[in-house]
Amino acid sequence: MSKEIVLSGIRSTGNLHLGNYYGALSKFVKLQDDYDCRFFIADLHSLTTNPDPQQLHASVKTILAEYLASGIDPEKATIFIQSDVPEVAEMYLLLNMHVGIGELMRTTAFKDKARKALGITAPAEDDDDEAFERQIIGASTNKRVNAGLLTYPTLMAVDILIQKATKVPVGKDQLQHLELTRRFARRFNSFYGVEYFSEPYDFDFGGEPIKVPGLDGSGKMGKSEGNCIYLIDDPKVLRKKVMRAVTDEGPQGPDSPMSEPVANLFTLLELTSTPEVVKHFRDAYANCSIRYGDLKKQLAEDIIAVTTPIRERINDILADDEYMRRVIRQGAEKARESAAKTLADVREIMGIRKF
């Protein structure tokens, strides 16, 4: 009996952090025996921000090493680079023929990223679609929003559909794109009168989702927020980051409610420390004897205990180019085999046939 296909990709825009590890990678490792897991590095998606070519290549290598160092096994899961599967690019073109410009422009992610690219700080009045279009058209001519950013949801849909994935772990910011993928699958099936694509759904792993907070006092850990602890951070860098984490003036009385910055530190402590350590500092907070400096020192050492073996494996893997090339060749072969079959079917369904 074939296993359900789980697919996930990470854009090659920098190192992976503690949020990626606890929110995704550590869970992916647990899925490898029970599902047909396919994990890719989304370098084509990264092109929407026009990265420096050298930095793009370096990021791809680093994320590959971080995948492997976190425990993803290339003998159990398919690990590949998005651009190593050229079938993706052709199907991206074909699927775009069934996607409307208007529905792409209405996505929240496109609006947010387009405004940022154009330097528009305020949202359109009441988030009105026509007002947003006027903002785009009226933007300075020396700034632009590239078509790749607009059609990002199509490429994401192709990543999923070309591998016939049914379970796709995504964050809240990608749920709208996943819904578009289902819409595009239904539209394709309806237009051609076939039942070819199945609709993929979010895979929540079961249980409560883990939100790993950043060190800046609010929100989740993220590359663009600059509040990350990276898996590859050495102990000296990591300690400095944690000691600079935002706190407050301390509890104002017994059993005071925690401010968000302090609650964030306790969330990180619960992820990385023993229950005894967590209880010690919770009791200290409750009775107003807590010293945030001691809390941060303990938190830093506990995070270091988690990340040190991962960091050491990352560096070992990065030093072994032949191993990395072998993993990627193997992954590309597996990914292309299924992608080629899907693309051939799509071409046939659409009437693109050889004489």
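Check the entry above for the structure.
Attention here is on the structure that accompanies the text.

Reading the values: rules and limits
- Residues numbered from 1 in each chain as written.
- Predicted model: local features only at pLDDT ≥ 70, side-chain atom pairs only at ≥ 80, totals over all residues.
- Heavy atoms only, no water.
- Helix = DSSP H or I, 4+ residues; strand = E, 2+ residues; numbered from the N terminus.
- Buried < 20%, exposed > 50% of the residue type's maximum accessible area, 1.4 Å probe, protein only.
- Contact = heavy atoms within 4.5 Å.
- Areas by Shrake-Rupley, 256 points an atom, 1.4 Å probe, with all protein chains shown as cover.
- Lys, Arg positive; Asp, Glu negative; His and termini not counted.
- Charge placed at Lys NZ, Arg CZ, Asp CG, Glu CD.
- Phe/Tyr/Trp six-rings, centres within 6.5 Å; stacked < 30°, edge-to-face > 60°.
- 1 Å grid on protein atoms, 1.4 Å probe; cavity = no way out; pocket = protein on both sides within 12 Å on 5 of 7 lines; lining within 4 Å.
- Points joined across faces, edges and corners; volume = space filled by probe spheres on them.
- Nonpolar A, V, L, I, M, F, W, Y, C, P; charged D, E, K, R; others polar.
- Salt bridge = Lys/Arg side-chain N within 4 Å of Asp/Glu carboxyl O.
- Pairing = 2+ DSSP bridges.
- Right-handed = clockwise from strand over helix to strand, strands pointing away.
- Axes fitted to C-alpha atoms, helices over the stretch in contact; angles between N-to-C directions.
- Left-handed = near helix turned anticlockwise from the far one by under 90°.

Another aspect to go through is the overall build of the protein. A tally of helices and strands in the protein yields 15 helices and five strands. Referenced to the eigenvectors of the C-alpha coordinate spread, the extents of the protein come out at roughly 80 × 50 × 40 Å. Relative to its 355 residues, the protein shows a buried fraction of 47%. Residue pairs in contact within the protein that sit at least 24 positions apart in sequence constitute 77% of those at least 6 positions apart. Of the roughly 18,100 Å² of accessible surface on the protein, a fraction of 52% belongs to carbon and sulfur atoms. Distance from the positive charge centre (46 side chains) to the negative charge centre (52 side chains) of the protein: 3 Å.

So, on to the packing of aromatic side chains. This structure, assessed with the given rule, holds nine aromatic pairs. Between Tyr196 and Phe197, the ring centres sit 4.9 Å apart and the planes meet at 75°, which makes this aromatic pair edge-to-face. A residue is classified by how much of its surface remains accessible, and Tyr196, at 16% relative accessible area, is buried. What links up through ring pairs into an aromatic cluster is the set Phe188, Phe191, Tyr192, Tyr196 and Phe197.

Reported here for the second largest pocket is a volume of approximately 240 Å³. As for the second largest pocket, its lining consists of His57, Val60, Lys61, Leu64, Ile81, Asp321, Met324, Arg325, Ile328 and Arg329. When contributions to the lining of the second largest pocket are tallied by element, the ones reaching two or more residues are helix H3 (53-69) and helix H15 (321-350). Counting residues per element, the lining of the second largest pocket draws most heavily on H15, which supplies five residues. Among the residues forming the lining of the second largest pocket, the class breakdown is five nonpolar, one polar and four charged.

So, on to empty space enclosed by the protein. Inspection of every chain in the model, using the stated rule, returns three cavities of 30 Å³ or more. Considering only enclosed or pocket space, the largest cavity measures out at about 50 Å³ in volume. Along its surface, the largest cavity is lined by Thr107, Ala109, Phe110, Lys113, Leu149, Leu150, Tyr152, Pro153 and His177. At the level of secondary structure, the elements contributing two or more residues to the lining of the largest cavity comprise helix H6 (108-118), helix H8 (147-150) and helix H9 (152-162).

Here we take up the side chain of Thr181. Mapped onto the elements, Thr181 comes out in helix H10 (residues 175-192). With sequence-adjacent residues up to four places away left out, Thr181 is seen in contact with Met156, Ala157, Ile160, Leu161 and Pro200.

Right, let's talk about the pattern of salt bridges for a bit. Pairing is possible between side chains of opposite charge, provided their charged atoms come close. Counted by the stated rule, this structure contains 21 salt bridges. One salt bridge in this structure joins Glu103 and Arg187, with 2.6 Å as the shortest N-O distance. Residue Glu103 is found in helix H5 (residues 101-105), and its partner Arg187 is found in helix H10; the two are separated by 84 residues along the sequence. With relative accessibility at 10%, the residue Glu103 sits in the buried group.

Among the seven residues of strand S2 (residues 36-42), six are classified as buried, and the element is accordingly described as predominantly covered. Sheet topology places strand S1 (residues 5-11) next to S2; seven bridges connect them, and they run parallel. Each residue of the ladder has a partner; that of Val6, found in S2, is Cys37. Assessed by its sense of winding, the connection that carries the chain from S1 through helix H1 (residues 18-31) to S2 is right-handed. Here S2 pairs with strand S3 (residues 78-81) via four bridges, running parallel. Paired with Arg38 across the bridge in S3 is Thr78.

So, on to H6. When H6 is considered as a whole, its buried residues turn out to be Ala109, Phe110, Lys111, Ala114, Arg115 and Leu118. Downstream of H6 by a residue or two, Gly119 has a phi angle that is positive, lying close to 75°.

At a minimum axis separation of 9 Å, helix H11 (residues 235-243) and helix H14 (residues 292-318) run at an interaxial angle of 145°. At the point where H11 passes H14, the crossing takes the right-handed sense. Every residue of H14 that contacts H11 at Pro235, Leu238, Arg239, Val242 and Met243 is listed here: Gly293, Lys296, Lys297, Leu299, Ala300, Glu301, Ile303, Ile304, Thr307 and Arg311. The residue makeup of the contact of H11 with H14, split by class, is eight nonpolar, two polar and five charged.

Function-wise, these values are silent; they only describe arrangement.
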